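Chains, contacts and geometry: an overview
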Amino acid sequence: MANPSMLSLIKTKRDGSEHSREELAWLVSNVKEIPDYQLSAWLMAVVLRGMTISETTHLTDLMAHSGQVMNLSDVPGPCADKHSTGGVGDKVTLVLAPLVASAGVTVAKLSGRGLGHTGGTVDKVEAIPGFTPEIPIEQFKQQLREIQIALASQTGELAPADGVLYAMRDVTGTVESIPLIAASVLSKKIASGADVILLDVKTGSGAFMKDDASAKALADTMMEVGRRLNKQVVCVVSEMGQPLGHAVGHSNEVAEAIQTLQGKGPEDLTELCVRLGGLILLGAGAVSTREAGEAKLREAIVSGAAIDKFREFVKAQGGDPRVIESPELMPQPRLRVPVEATQEGYVQQLDALPIGIACKDLGGGRLFKGAPLDLAVGVELKKKVGDRVEKGETLAYLLVNDEAKLAEATESVQSAYRIGPTPASAPDLIRAV
């Protein structure tokens, strides 16, 4: 039964026809038994042929219900969840979740691992000694009741069908597909039981959506699927032409998130987290305007409530809270190698994609399904768009453990910078809400 049915699905999509709900239900319920080569052929057919909004809605709903759907009705107040479509240096969740929770709104965060050149939140938190994102549903709910924040990786219990497809997409060149991204993102959010879903759709070279038009198309698709499945969804289109913040990697991104919660983080990261958080507080009914929400979050950073919540969160999930004062307890690189400017001028462009690729080449990304990551490696940016640079000045540091990968990564980082004679300003962080 499996082979002929899968073959017929591949042919249906290859020829540009529409799948019925029954066909997609068969695919989702058998996804673990379908051979990798057939699954990857079907995924490629979807990338090339697309899916209708009905197909995307069915796939989302079926994947969300492929395992346990969390019932958070016994957790007080509305529960929020946020998802980013992935970027370079995008440690927003590590800042936003404790920040929003410190302002009194419960954050039930279900996260994935890295895809392609982008980092995953689950991989990042594993840099904290002892921290476990693989927590049972009962502990997840208990944490929400006690400290208003929990982060879980996608377990076999929650949206397991998406887990299989997600890992396969990462290694078969089938990540960049609006229906597949929309179904993957929303199935996890629905399975996590969230009432308010904020989706941060990245646009620019470091995102899967390279331009505003495709980012808005993805946002529109997710809004419509959410509407059809009766979920309150807010979409933000945000900038990922240059990396977010200064740190790209795992340990170094956690350290930068901690600095941000302490009020010492990069301006772009702080601003984005406060603006997204304002929308979550508004959606959850905790404030009457977005501006009031933003003011409340800025106050949580200044008062220390935000970093206190992060400490509570790390302890609750088995992590060592001493990383807040001593980030060197996380995996550290053997070498810190400068990449120098070959000319003077101003940084006019900092292309996020080659920075993400450099991090991946150093061992910070997966080249095949289930590959281990080096959580110590990455890139530390010293210069960003608008900054003045002298010839020979350090543009960035490479955090390296394997010197064999150094030349290629250096070349990637050099290629990311465009330096010219005239000053430039960084693009707007938020393009659309």
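Here, the structure is the one placed above.
This report concerns the structure included in the present document. Remember, it's a predicted structure, so these values are computed and weren't measured experimentally.

Digging into the sheet that holds strand β6 (residues 247–249)
Taken together, the four strands give an open sheet; going across it, the order is β6-β9-β11-β7, and neighbouring strands pair in antiparallel fashion. Each edge of the sheet is formed by a strand with only one pairing partner; in this case those strands are β6 and β7 (335–340). When strand polarity is set aside, the average angle formed by the axes of neighbouring strands in this sheet is 20°. Pairing analysis gives four bridges linking strand β9 (residues 378–381) to strand β11 (residues 394–400), with the strands arranged antiparallel. Bridging from a neighbouring strand, E380 pairs with Y397 of β11. Strand contacts of helix α11 (residues 251–261): β6, β9 and β11, with the helix running at about 140° to β6, the strand carrying the most contacts. With respect to the sheet, helix α15 (residues 352–364) is in contact with β6, β9 and β11, its orientation differing from that of β9 by roughly 140°.

Looking at the state of the cysteines
What the rule picks out here adds up to zero disulfides. Residue C235 stays outside any disulfide, its sulfur separated by 17 Å from that of C273, the closest cysteine. You can call C235 buried: its relative accessible area is 8%. Its relative accessible area of 1% is what places C273 among the buried residues.

Re the packing of helix α5 (residues 92–102) against helix α14 (residues 305–316)
It is at 8 Å that the axes of α5 and α14 come closest, and there the two elements cross at 110°. In terms of orientation, α5 and α14 fall into the roughly perpendicular class. Residue-level inspection shows L94, P98, L99, A101 and S102 of α5 in contact with α14, the latter providing A305, A306, K309 and F310.

Description of the sheet that holds strand β2 (residues 106–111)
Pairing in this open sheet of six strands is mixed, and the strands run β3-β2-β1-β4-β5-β13 from one edge to the other. Both outer strands of the open sheet, β3 (149–153) and β13 (430–432), are each paired with one neighbouring strand and no more. Neighbour-to-neighbour, the strand axes of the sheet open up by a mean angle of 30°, direction not taken into account. With two bridges connecting them, strand β5 (residues 232–239) and β13 associate as antiparallel partners. Bridged to S238 within β13 is I430. Relative to the sheet, helix α7 (residues 137–147) contacts β2 and β3, its axis offset from that of β3 by approximately 160°.

Reading guide: rules and limits
Residues numbered from 1 in each chain as written. Predicted model: local features only at pLDDT ≥ 70, side-chain atom pairs only at ≥ 80, totals over all residues. Heavy atoms only, no water. Pairing = 2+ DSSP bridges. Helix = DSSP H or I, 4+ residues; strand = E, 2+ residues; numbered from the N terminus. Axes fitted to C-alpha atoms, helices over the stretch in contact; angles between N-to-C directions. Contact = heavy atoms within 4.5 Å. Disulfide = S-S within 2.5 Å. Buried < 20%, exposed > 50% of the residue type's maximum accessible area, 1.4 Å probe, protein only. Parallel < 35°, antiparallel > 145°, perpendicular 65-115°, else oblique.

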